[in-house]
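Here is what each chain is made of, one letter per residue.
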Amino acid sequence: MDKHEGREAGTIRLDDPWYDALAAGWGEGPEPLPPRRPAGEGEAPGASDIYLEVQRSAAFQEVRGRYRRFVVPATAGFLLWYVAYVVAATAAPGLMARPVAGSFNVALLAGLGQFLSTFLLTWAYSRHARLRRDRAALDLRWAVFERERERGREDDRERGRAVREEGR
């Protein structure tokens, strides 16, 4: 995080390589990702290079695909269910006022169904994340941490060499 001085003294800017990589076209459109740097160019890969490499990886694309395969249909289904409830409430008040059992009518049961479906969708999402994505995402996170740690070690070695050379 960087603290700004001057006019924007109270704001904090997060340096997030994922955001930087995605902000330049959201990383998913027809625009290609920046070209890869050839291996062995002499300099250690920076954090943004590591994150871009992870973003290009098949494992990351698989995690992202699993997320989308659940979220897009679930969101579309829930929105359709909600719009159907609102349209039925405004366009067919007679149907919604029809008693079902005692003082319970169709509108009340459909409204309670909205709450129930929200809780069920939340449960399904958390279950899907736990079973299908969390392990793979955690593996990706550890791979990134390992790469960053290796880069840090290389930077430390190079700093040590520079200090030794200055002492000569």
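Look up: the structure comes first, before these words.
Residues numbered from 1 in each chain as written. Predicted model: local features only at pLDDT ≥ 70, side-chain atom pairs only at ≥ 80, totals over all residues. Heavy atoms only, no water.

In terms of helices and strands, the chain carries five helices and four strands. Secondary structure elements in the chain, listed N-terminal to C-terminal, are β-β-α-α-α-α-β-β-α. Of all 168 residues assigned to the chain, the portion counted as buried reaches 14%. Surface accessibility of the chain: about 12,900 Å² in total, with carbon and sulfur atoms responsible for 60%. (Helix = DSSP H or I, 4+ residues; strand = E, 2+ residues; numbered from the N terminus. Buried < 20%, exposed > 50% of the residue type's maximum accessible area, 1.4 Å probe, protein only. Areas by Shrake-Rupley, 256 points an atom, 1.4 Å probe, with all protein chains shown as cover.)

The next subject is the nonpolar core. If you look at the biggest cluster of nonpolar residues, it comprises seven residues: I50, Y51, V54, F60, V63, L140 and V144. Of all the secondary structure elements, the ones that give two or more residues to this core are α2 (47-56), α3 (58-91) and α5 (106-167). Considering each element in turn, this core owes the most residues, three residues, to α2. Excluding residues that lie within four positions of it along the chain, V144 makes contacts with I50, Y51 and V54. (Core = buried A, V, L, I, M, F, W, Y, C linked by side-chain atoms within 4.5 Å. Contact = heavy atoms within 4.5 Å.)

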